[in-house]
Amino acid sequence: MELMFWWMLPLAAAAAGGAVWFALRKNRRSNARRRPVAHADRLTTLPEYQAALRLHRRRLALAAMACAVLLVSTAVAAARPADVTTIRPEQHNRDIMLCLDASGSMSGADSAVVDVFAGLARKFDGERIGLTIFDSTAIQVFPLTDDYAYAQDQLQAAKDAFDGKPGSSGFLDGTWSGRGSSLIGDGLASCLDSFPGATGKRATGPQRSRSVVLATDNFLSGTPIMTLDQAAQLATDRSVHVHALNPGDLDYGSGSDQPGAQLRAAAESTGGSYHALDSPEAVPGIVAAVEKTETAAVQGAPRAVFSEVPGLPLGIALLSILVLGTVLWRLQRTSLRSRAWLRRGPIILLILAAALRPCLPGGSVQAATADLNVFFVVDTTSSMVAEDYGNAAPRLEGVRRDIKAIAEQLPGARFSVITFDTTAHVRMPLSTDTLALETITDVLEPQVTAYAKGSSITAARQVLAERLAAARDSQPGRPRLVYYLGDGEQTSGKEPEPMKFDGGLVAGERCWVTAHRAAAE
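Residues numbered from 1 in each chain as written. Predicted model: local features only at pLDDT ≥ 70, side-chain atom pairs only at ≥ 80, totals over all residues. Heavy atoms only, no water.

Is there a simple way to explain the overall build of the protein chain in this structure?
If you tally the helices and strands in the protein chain, you get 15 helices and 16 strands. The burial tally for the protein chain puts 42% of its 521 residues in the buried class. Long-range contacts, defined here as pairs at least 24 residues apart, represent 80% of the contacts in the protein chain between residues at least 6 apart. For the protein chain, the computed accessible surface area is about 28200 Å², with 57% contributed by carbon and sulfur atoms. (Helix = DSSP H or I, 4+ residues; strand = E, 2+ residues; numbered from the N terminus. Buried < 20%, exposed > 50% of the residue type's maximum accessible area, 1.4 Å probe, protein only. Contact = heavy atoms within 4.5 Å. Areas by Shrake-Rupley, 256 points an atom, 1.4 Å probe, with all protein chains shown as cover.)

See the structure below:
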């Protein structure tokens, strides 16, 4: 048990000491007005007098004890005793990976597909969503996250790229690195691998319900490593439901070898569904199908919960004041209608009301110790490969260890990773998935020296400010912390801008190296 307002105890002790001093001083004054009486021993030696005196002293001692217990118990109750327990709440959320074919045959429909994806993202509440696009190779636009504001921003960037907006062509970079085009089986397999713990020993534990929304016309142009049927079987083996969106929904016959028929068969073999893109039932049908999936009970991040426990001290206080009132009534022989009882009665009633713990609407309760949004800003410039951390380990290894150590100390927080070299990138949007954080941290790599053009230690300032503002707007009551992890090497010819943020965007900042402290402050 902990005391939230522990400083109430010394105040109560000081008040009790003052009351005792005042009572003793008043008693000395009353003794000064007393007069001696002759032959009083004839009265005090009587057995009846001695018995009455012993009873009076016992009542005085009982009154003093009850008064002391009343003082201590009310002081402890005023200090707000609280019990701190750690819980691991069960989560029943789902994971949905949006998987988009960005090949040439889809160029006329990709923008409409992204609109459908955005509509799906607005329908989900509590689920984590991610986006992967593919042609001959697949790239992950953003991993599974419940940061819907970031997801909508990335979907808008995808729409701008597919609409041919100037300056957005780089969105598709990396999707043409392989041979061939529109390798649907490989693309679906890459989307399946985007789920945390999809492979390896971690996949044996309890997992969330998983679904893939695959948007493709199934027009294959090349030789894939994995066919669509093989990828569908992989999805079935991993208990992933595939929901297919076909923009064209056009076959050249009714045979089972037609692209649309093959796509329908592959999706339905996983327990998923098949929809034409322009069908009015596409979005509600997919949402309904995803919500019908049975969610696994997953242990959430541990949370420290505060529960006030004033019942015991208040109960003791109520009992002690009842005892004190009874003893005073026997000592003073006063009527229950006297003014003294008019003063004592309200005190008893107030303690009784406090023991019943009344509540008023509009209050707040402290529920968790790490109800935070935590942003890790990581320096991935080429200088981070310098082997001067610990026993000749790269500096980036120290960053990995620090991120994991910080995450362990902040259970229940949502984490985001932003890296910077020449430019800044959001590697992981806000998410409570510590496994995803661990994965992102393990694969952090420094910038290739051949592409380095000089970097600023505050290159992530603008991207960080945008993500902080989005987090503040979506969850204004959740504090935002920033951890900056870098080596402090400034190779750009310009002076670095200070890492200052207005509008209460940041509740706290921490730096990995002392060299950055002045810039962050």
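Looking at this structure, I do not really get the nonpolar core. What am I missing?
In summary, soluble globular proteins display a tendency toward joint burial of nonpolar side chains. Ranked by size, the top nonpolar core spans 54 residues in total, and within it Leu100, Phe117, Leu120, Leu245 and Leu464 carry the most contacts. When residues in this core are grouped by element, the largest group, 7 residues, is from helix H4 (residues 110–123). Sequence-distant contacts of Leu100, that is, excluding residues within four places in its chain, are made with Met106, Asp110, Val113, Val114, Phe117, Thr132, Ile133, Phe134, Phe162 and Ala215. (Core = buried A, V, L, I, M, F, W, Y, C linked by side-chain atoms within 4.5 Å.)

Even after reading the chapter, I still don't get the environment of Asp83, so can you show me in this structure?
Residue placement: Asp83 occurs in strand E2 (residues 81–87). Using a relative accessible area of 33% as the deciding quantity, one classes Asp83 as partly exposed. In the structure, Asp83 is positioned 226 residues away from Val309 in sequence and 6.6 Å away in space, judged by C-alpha atoms.

Explain the packing of aromatic side chains to me, please; I cannot follow it from the model alone.
Centre distance and the angle of the planes are the two values used to describe a pair of aromatic rings. Taken as a whole and assessed by the stated rule, the structure comprises 4 aromatic pairs. Plain terms: the ring middles of Phe376 and Tyr483 are 5.8 Å apart, the flat faces sit at 35° to each other, and that makes the pair tilted. Of this pair, Phe376 sits in strand E12 (residues 373–379) while Tyr483 sits in strand E15 (residues 480–485), placing them 107 residues apart in sequence. Judged by its relative accessible area of 16%, Tyr483 falls in the buried class. Feature note: the residues Phe376, Phe415 and Tyr483 constitute an aromatic cluster, connected by ring pairs. (Phe/Tyr/Trp six-rings, centres within 6.5 Å; stacked < 30°, edge-to-face > 60°.)

Before we go on, may I ask you to explain the sheet that holds strand E4 (residues 94–101) in this structure?
The pairing of strands in a sheet happens through backbone hydrogen bonds and is either parallel or antiparallel. The strand order across the open sheet formed by 6 strands is E6-E5-E4-E7-E8-E9, and the pairing between neighbours is mixed. Lying at the two open borders of the sheet, with one neighbouring strand each, are strand E6 (138–145) and strand E9 (274–276). In this sheet, adjacent strand axes meet at a mean angle of 15° when their direction is disregarded. Alignment of E4 against strand E7 (residues 209–215), held across 7 bridges, turns out to be parallel. Its bridge partner being in E7, Cys99 is matched across the sheet by Leu214. Running at roughly 155° to E6, helix H5 (residues 148–162) makes contact with E4, strand E5 (128–134) and E6 of the sheet. Lying on the sheet, helix H8 (residues 259–269) is in contact with E7, strand E8 (240–246) and E9; it crosses E8 at an angle near 155°. (Pairing = 2+ DSSP bridges. Axes fitted to C-alpha atoms, helices over the stretch in contact; angles between N-to-C directions.)

What exactly am I supposed to notice about unusual backbone geometry here?
For residues besides glycine, phi is generally negative; the peptide bonds are generally trans as well. A positive phi angle is found at Asn218, which is not glycine, with a value near 60°. Checked against the element boundaries, Asn218 lands in the loop between E7 and helix H7 (228–237). Judged by relative accessible area, which is 8%, Asn218 ranks as buried.

What should I look at first to understand the pairing of strand E14 (residues 424–431) in this one?
Side-chain direction in a regular strand flips from residue to residue, so the side chains alternate between the two faces of the sheet. Across the 8 residues that make up E14, a large majority, 6, are buried. The sheet contact formed by strand E13 (residues 414–420) and E14 spans 5 bridges and is antiparallel. Bridge pairing links Val417 to Met428 in E14. As consecutive antiparallel partners, E13 and E14 are separated by 3 residues.

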